[in-house]
Amino acid sequence: QIGQGLIRGGPGSLLIAFSFWCTFVLAITMCMAEMVTLTPISSPFIRFAGRYVDEAFGFAAGWNFFVFEAALVPFEVVACNIIIKYWTDVIPTAAIITVTLALYLLINLVAVKWYGETEFWAAIGKVLLMVALILFTFVVMLGGNPKGDRFGFRYWHQPGAFAELYYEGALGKWLGFLQCLIQASFAIAGPDYVSMAAGECENPRKVMPRAFNAVFYRLTAFFVLGALCVGILVPYNNKELSDAIEAGKSDAAASPYVLAMGNLGISGFPHLVNAVVLTSAFSAGNSYVYCASRSLYGLALEGKAPKVLTTVTRSGVPIYCVLVVLAFGLLSFLQLSENAAKVLNWFISLVTASQLLNFSALCVSYLCFYRALKAQGIDRKTLPYRPWGQPYLAIYGLVGTFVMVFVGGYTVFLPIEGMWSVPNFLFS
């Protein structure tokens, strides 16, 4: 989907927006890391809000996070179906949905060790592909391609680094950048997922800081370098890319990397990209089932959800929480009717801003945690993990995420004919 940002903002805006938003996510990561390594409990994301701010705040933040995660399960199941359709239409949609949900059930009902193992192998493919694409970009831009074209940063000069969106001139370029920033704010996540495993991993005070530090390298390598590579390979006015995105394609056909391969005369790559995109979508859905079930379990432990949800298996898996989340996954059957699929998209749109609200709540929790340490005379130097720049990082993260909550649907207010839409306004 990074191609959408390229078309609307151009390579310069895309790179700056993704780099800029990474700073906010890193600030949030530092807040989460300090609290989680001190108190490695199950569902820390939610329970800290109740512990350090207010029980009512914890209730609101917890249910907001749960609904957000649970709603993304059917979204990823739908994505898996779309990606498989790239190869064949023979397999019935209902069969793909059923098999995907059954696999999620199987993976999430065994111990966290096997969930982690599954995620590890699913992630390997993504990591290898991303590294390969970055190296591929470097080689072909220097002329290592069948055409021998040493194009370098040609597309940054022609058609240019900054695309105009809706308006001409500086205003159009600013709106192009803003569209890239909105995309980055929904695409780039991390610390909330890392923290969810704190209560179930071995030796969390040693393991968790390393996991949080790795977030920095992931953000830099995958999002910033990825944004740079896309801007090098394809011009923002590429007709094939804009046609694929307008047609709503979610598979390799809409990938800037695949288009670049085709333009340079390299064949066979789309199938590899599509296969890894499939594992990525499956892996994401699997993560959402895990995180949503653990967040619901955390709510139940705090008395903010029915007590029956605290039931766990011998291996410590909250079985009823997993089943409730997979019940949300059944919403993916809505795509069997085209009109209902539109309803599903609206439902997803309604909860995407929840991620930004979650990040804002986390920063508020940290500021109260920081104040509590001062009030009780606890020196931060005694903590297992003490990042630099606090509490200013928390304030920076809070301002950035809270402001972006209100920016997402700004296009409905533009004085351009056809921009106003009542459903888009409501669901933003």
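Before any of the text, the structure's been laid out above.
Residues numbered from 1 in each chain as written. Predicted model: local features only at pLDDT ≥ 70, side-chain atom pairs only at ≥ 80, totals over all residues. Heavy atoms only, no water.

K.L.:
Please set out the overall build of the protein residue by residue, giving values where relevant.
P.N.:
Along the backbone of the protein there are 16 helices and zero strands. The C-alpha atoms of the protein give a radius of gyration of 22 Å, which matches the 22 Å a tight globule of 428 residues would have. In terms of its C-alpha atoms, the protein occupies a principal-axis envelope of roughly 65 × 50 × 45 Å. Counting over 428 residues, the protein shows a buried share of 51%. Long-range contacts, defined here as pairs at least 24 residues apart, represent 77% of the contacts in the protein between residues at least 6 apart. When the accessible area of the protein is evaluated, it comes to approximately 19500 Å², of which 65% is carbon and sulfur surface. Side-chain charges in the protein split into 26 positive and 22 negative, and the spacing between the mean points of these groups amounts to 9 Å. (Helix = DSSP H or I, 4+ residues; strand = E, 2+ residues; numbered from the N terminus. Rg over C-alpha atoms; globule rule 2.2 N^0.38 Å. Buried < 20%, exposed > 50% of the residue type's maximum accessible area, 1.4 Å probe, protein only. Contact = heavy atoms within 4.5 Å. Areas by Shrake-Rupley, 256 points an atom, 1.4 Å probe, with all protein chains shown as cover. Lys, Arg positive; Asp, Glu negative; His and termini not counted. Charge placed at Lys NZ, Arg CZ, Asp CG, Glu CD.)

K.L.:
So what about the pattern of salt bridges? Which residues, and what values?
P.N.:
Applying the stated criterion across every chain yields a total of six salt bridges. The salt bridge involving R154 is made with D149; its shortest N-O contact spans 2.7 Å. A relative accessible area of 35% places R154 in the partly exposed class. The closest approach of N and O atoms between E302 and K304, which form a salt bridge, is 3.7 Å. A single salt-bridge network, built from bridges that share partners, covers R47, E55, E302 and K304. (Salt bridge = Lys/Arg side-chain N within 4 Å of Asp/Glu carboxyl O.)

K.L.:
Mind laying out the environment of K173, listing which residues take part and the relevant values?
P.N.:
Of note, K173 is situated in helix α7 (residues 169-187). Taking the C-alpha atoms as reference, K173 lies 18 Å from V230; in sequence the two are 57 residues apart.

K.L.:
Kindly report on unusual backbone geometry, identifying the contributing residues and their values.
P.N.:
Cis geometry is adopted by the peptide bond preceding P159, which originates at Q158 and carries an omega value of 15°. By secondary structure assignment, the location of P159 is in the loop between α6 (154-157) and α7. For the peptide bond that leads from Q390 to P391, omega is 5°, which places it in the cis range. In this fold, P391 is placed in the loop between α14 (338-375) and α15 (392-405).

K.L.:
So, the state of the cysteines: which residues are in play, and what are the values?
P.N.:
Joining two cysteines, a disulfide is a covalent bond between their sulfur atoms. In this structure the tally under the stated criterion is zero disulfides. Lacking any disulfide linkage, C31 is separated from the closest cysteine sulfur, that of C363, by 4.9 Å. Not part of a disulfide, C291 finds its nearest cysteine sulfur in C321, a span of 13 Å. Residue C291 is classed as buried on the basis of its relative accessible area of 1%. (Disulfide = S-S within 2.5 Å.)

K.L.:
Could you give me a rundown of the packing of aromatic side chains, with the residues and numbers involved?
P.N.:
Summed over the entire model, instances satisfying the criterion amount to 20 aromatic pairs. Ring centres 4.9 Å apart and planes at 35° place the aromatic pair Y104 and F282 in the tilted group. Of this pair, Y104 sits in helix α4 (residues 93-109) while F282 sits in helix α12 (residues 269-301), and the two are 178 residues apart along the sequence. Residue Y104 is classed as buried on the basis of its relative accessible area of 0%. (Phe/Tyr/Trp six-rings, centres within 6.5 Å; stacked < 30°, edge-to-face > 60°.)

K.L.:
Explain helix α9 (residues 204-233) to me, using residue names and the numbers behind them.
P.N.:
Compared with the 44 Å implied by 1.5 Å per residue over 30 residues, the 41 Å span of α9 between its first and last C-alpha is a close match. At G226, α9 shows its largest kink, close to 30°. (Expected span 1.5 Å × (residues − 1). Bend = angle between axes of the 7 residues up to and from the residue.)

K.L.:
I'd like to hear about the side chain of S283, residue by residue, with values.
P.N.:
Position of S283 among the secondary structure elements: in helix α12. Relative accessible area serves as the criterion here: at 1%, S283 is assigned to the buried category. If we ignore the near neighbours within four places in the chain, the residues touching S283 are E119, A122 and K126.

K.L.:
I'd love a proper account of the nonpolar core, names of residues and values included.
P.N.:
Most often, soluble globular proteins have nonpolar side chains that are buried together. Membership of the largest hydrophobic core comes to 119 residues, with the highest contact counts inside it found for L14, W21, I188, L233 and Y410. Per-element accounting of this core gives the leading share, 19 residues, to helix α1 (residues 2-38). Dropping the residues within four chain positions of it, I188 is found in contact with F18, W21, C22, V25, L219, F223, Q355 and F359. (Core = buried A, V, L, I, M, F, W, Y, C linked by side-chain atoms within 4.5 Å.)

K.L.:
I'd like to hear about the packing of α1 against helix α2 (residues 44-53), residue by residue, with values.
P.N.:
At a minimum axis distance of 11 Å, the contact between α1 and α2 shows a crossing angle of 85°. By the criterion of interaxial angle, the relationship of α1 to α2 is roughly perpendicular. Two secondary-structure elements touch here, α1 through M32, M35 and V36 and α2 through P44, F45, F48 and Y52. Looking at the contact of α1 with α2 residue by residue, the class counts come to seven nonpolar, no polar and no charged. (Axes fitted to C-alpha atoms, helices over the stretch in contact; angles between N-to-C directions. Parallel < 35°, antiparallel > 145°, perpendicular 65-115°, else oblique. Nonpolar A, V, L, I, M, F, W, Y, C, P; charged D, E, K, R; others polar.)

Nothing here speaks to function; it is all geometry.
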